[in-house]
Amino acid sequence: MTTIRLFVGQLDSKIGFVFHLPYHVRAPAIFDDQTEPLARPGNLMSHSKKSIFRESRICCHRLTLALVAFVSLAFAHSQTVAQPPTGDTNDTRTSLENPTGSAGAKPTVPQINENRGSQLPQPTFDGQSAFEVLKAVCEIGPRVSGTAGMKQQQAMLTKHFEALGAQVHLQTFNVRHPNTGQLVELGNLAVRFHPEREKRLLICCHYDTRPFPDQDKVNPRGVFLGANDGASGVALLYELGKHMPGLPGNFGVDFVFFDGEEFVYVYRRDTMFLGSTHFANQYAANKWPANYTYGVLVDMIGDKNLEIYYEGNSLSFAPRLTRSIWGVAQRLGVKEFVPKKRHKIRDDHLPLNSIARIRTCDIIDFDYPTAESENAYWHTEQDKVENCSAESLTKVGWVLLEWLKEMEKLN
Ligand SMILES: [Zn+2]
């Protein structure tokens, strides 16, 4: 019954494939990733109680045995919680042809929302504060690479992160302007917390905006603000940074804001991912002082109709990392992280994976505003503050922060 429509190079080179599934297939009914930890002891206990009630006709002895077996299995399963998402090197891109993140797996655990009642975990991330940053960034206006808007944003971020005690470094490089051929200086903004920690994690986004809303059917040469495609990642990292100085544990964290993700004046002519490619080349040539265990990219995570599926290239390059993040979302009850593959997207994580060899996952909502809309707001004047929300930033920021805390517990 599954219908799959395949688009190659539709709209933008950013897309590789778009899988369109009928609604009933897309519905996140069951978490299908058996490798990830899901159930907290509380959930397991309540599930057991329910089972006892349902099976009341079974003799007491059998029931006790079953309960002991169930709790033992649950305990064994819970031991996987603290396992680091290592082993990605064993996975190859062939998983894309046989997606491991979607159909086929049988459910072994109850749905995360079952029996949650009033015991919902509370967000530890202030999405409202992040949303204020998103608005402030948009008030700058367009932040196109090499423009005054970009410089203003860089100054704002530098001031903020230096006040938090982080090291801030602008990694500059020159490119040719796609239209004039003149040299333009671009810059990736790197923010380093706990520089003394040898093992490190990379959290990144792009902070440039597309020069024009070229997908806008009404005004393709209008003003592109990039509230979601640009400012949302910046706002998220801005707020996340407040948690970094107090982050205990074994990993230092670097934020990198990539420039030139879409320094694109003419569709299909101009090169994308300039900043992340430069960064990846420097890293691969040992010209960047860090050794990253993992990278996490966020892009377009402010959409107020949030739905974030597994992204195909992430599943291919970094499947266990990707599943570990969605696993955290499941445990927190953040249903907007849907553990099914939907899009395969070319984004800044590709140079990081393929050139720098940093296993990197892309957290991206590529259904802006909805799955049915065919990404109608993307690269249009509709990518504005009103179509983003504090709630969405709360959810993504919370998942990322809690994932970081889990990573910090690992050796
Ligand atoms: Zn874009």
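Above this text sits the structure in question.
Keep in mind that what you see is a predicted model, and the values were worked out from it rather than measured.

1. Some words on the overall build of the chain
And then number 1: Looking only at helices and strands, the chain has 11 helices and 9 strands in total.
And then number 2: Considering the chain as a whole, with its 411 residues, one finds that 47% of them fall into the buried category.
And then number 3: In the chain, the share of contacts with a sequence separation of at least 24, taken over all contacts with a separation of at least 6, comes to 80%.

2. With respect to the sheet that holds strand β2 (residues 167-176)
Adjacent strands of a sheet form backbone hydrogen bonds with each other and so pair up, either parallel or antiparallel.
And then number 1: Taken together, 6 strands build an open sheet; the order of strands is β2-β3-β5-β4-β6-β9 and the sheet is mixed. Every other strand in the sheet has two partners, leaving β2 and β9 (360-364) as the edge strands with one partner each. Pairwise comparison of adjacent strand axes, ignoring direction, gives a mean angle of 20° for this sheet.
And then number 2: Relative to β9, strand β6 (residues 291-299) is paired through 5 bridges, and the arrangement is parallel.

3. A few points about helix α11 (residues 390-408)
And then number 1: Under the 1.5 Å per step criterion, the end-to-end length of α11 is 26 Å for 19 residues, consistent within 8% with the ideal 27 Å.
And then number 2: The element α11 is extensively covered by neighbouring structure, given that 15 of its 19 residues are classed as buried.

4. What to know about the environment of Cys-204
And then number 1: Relative to the assigned elements, Cys-204 resides in strand β4 (residues 199-206).
And then number 2: Along the sequence, Cys-204 and Phe-258 sit 54 residues apart, while their C-alpha atoms lie 7.3 Å from each other.
And then number 3: Apart from the residues within four sequence positions on either side, Cys-204 is in contact with Phe-255, Val-256, Phe-258, Gly-295, Leu-297 and Asp-348.

5. A short note on the pairing of strand β5 (residues 252-258)
And then number 1: Summarising burial for β5: 6 of the 7 residues are buried, a large majority.
And then number 2: For strand β3 (residues 183-193) and β5, the ladder comprises 5 bridges, and the chain directions are antiparallel. Bridge pairing links Arg-192 to Asp-254 in β5.
And then number 3: Both β4 and β5 contribute to a ladder of 7 bridges, which runs parallel.

6. Here we look at unusual backbone geometry
And then number 1: Residue Tyr-368 is joined to Pro-369 through a cis peptide bond whose omega torsion reads 10°.
And then number 2: Tracing the sequence through the fold places Pro-369 in the loop between β9 and α11.
And then number 3: A positive phi angle, near 60°, is found at Arg-357, a position not held by glycine.
And then number 4: Residue placement: Arg-357 occurs in the loop between α10 (349-354) and β9.
And then number 5: A positive phi angle is found at Asn-375, which is not glycine, with a value near 60°.
And then number 6: Tracing the chain through its elements places Asn-375 in the loop between β9 and α11.

7. Describing the packing of helix α9 (residues 319-332) against α11
And then number 1: Axis separation between α9 and α11 bottoms out at 9 Å; the angle between their running directions is 110°. In terms of orientation, α9 and α11 fall into the roughly perpendicular class. As for the relative orientation of α9 and α11, their crossing is right-handed in sense. Residues Ser-324, Ile-325, Val-328, Ala-329 and Leu-332 of α9 form the contact with α11, whose own contacting residues are Trp-398, Val-399, Glu-402, Trp-403 and Glu-406.
And then number 2: A breakdown of the residues in the contact of α9 with α11 according to their chemical character gives 7 nonpolar, 1 polar and 2 charged.

8. Topic: the nonpolar core
And then number 1: In this structure, Leu-134, Ala-235, Ile-363 and Val-399 are the most contacted members of the largest nonpolar core, which totals 85 residues.
And then number 2: It is α11 that provides the largest number of residues to this core, a total of 9 residues.
And then number 3: The residues touching Ala-235, leaving out its near neighbours within four places in the chain, are Ala-130, Phe-131, Val-133, Leu-134, Val-137 and Leu-393.
And then number 4: Residues Phe-263, Val-264, Phe-273 and Leu-350 belong to the second largest nonpolar core, which totals 7 residues.

9. Some thoughts on the pairing of β3
The side chains of a regular strand alternate, residue by residue, between the two faces of the sheet.
And then number 1: In terms of residue burial, β3 counts as a mostly covered element, since 8 of its 11 residues are buried.
And then number 2: Summarising the sheet, β2 and β3 pair through 10 bridges and their orientation is antiparallel. Paired with Arg-176 across the two strands is Leu-183, which belongs to β3.
And then number 3: Hairpin connection from β2 to β3: 6 residues lie between these consecutive antiparallel strands, with Gly-181 at a positive phi of about 80°.

10. Notes on the environment of Lys-344
And then number 1: Tracing the chain through its elements places Lys-344 in strand β8 (residues 337-345).
And then number 2: Sequence-wise, Lys-344 and Gly-312 are 32 residues apart; in three dimensions their C-alpha atoms are separated by 4.2 Å.

11. Here we look at the packing of helix α4 (residues 127-140) against helix α6 (residues 227-240)
And then number 1: Across the interface, α4 lies against α6 with an axial gap of 8 Å and an inter-helix angle of 130°. Accordingly, the angle class assigned to the pair α4 and α6 is oblique. Every pair of crossing elements has a handedness; the one defined by α4 and α6 is right-handed. On the side of α4, the interface is formed by Ser-129, Ala-130, Phe-131, Val-133, Leu-134, Val-137 and Cys-138, while α6 contributes Ala-227, Ala-231, Ser-232, Val-234, Ala-235, Leu-236, Tyr-238 and Glu-239.
And then number 2: Its residues assigned to classes, the contact of α4 with α6 shows 12 nonpolar, 2 polar and 1 charged.

Calculation notes
- The residue numbering used here restarts from 1 in each chain and proceeds along that chain's sequence as written.
- Only residues with pLDDT of at least 70 get local features here, since the model is predicted, and only at 80 or more are side-chain atom pairs given and counted; chain-wide, interface and lining totals rely on the full set of residues.
- Labels follow the DSSP assignment, with helices taken as runs of H or I lasting at least four residues and strands as runs of E lasting at least two, numbered in each case from the N terminus.
- The exposure scheme places C-beta atoms from the backbone and then counts, for each residue, the other C-beta atoms within 10 Å of its own, assigning buried at 20 or more, exposed at 12 or fewer, and partly exposed in between.
- The contact rule is simple: place each C-beta atom from the backbone, and if two of them lie within 7 Å, those residues are in contact.
- A pair of strands is considered paired only if DSSP assigns at least 2 bridges between the two.
- In this analysis, axes come from line fits to C-alpha atoms, helices being fitted only over the stretch in contact, and the angle between any two N-to-C directions falls in the range 0 to 180 degrees.
- Given a helix with a known number of residues, its expected span is that number minus one, times 1.5 Å.
- In these notes the angle categories are as follows: under 35 degrees is roughly parallel, over 145 is roughly antiparallel, 65 to 115 is roughly perpendicular, and the rest is oblique.
- Note: crossing handedness is left-handed where the near helix turns anticlockwise from the far helix by less than a right angle, and right-handed where it turns clockwise.
- Residues are grouped as follows: nonpolar covers Ala, Val, Leu, Ile, Met, Phe, Trp, Tyr, Cys and Pro; charged covers Asp, Glu, Lys and Arg; every other residue, Gly included, is treated as polar.
- Note on terminology: a nonpolar core is any set of buried Ala, Val, Leu, Ile, Met, Phe, Trp, Tyr and Cys residues joined through C-beta atoms within 7 Å.

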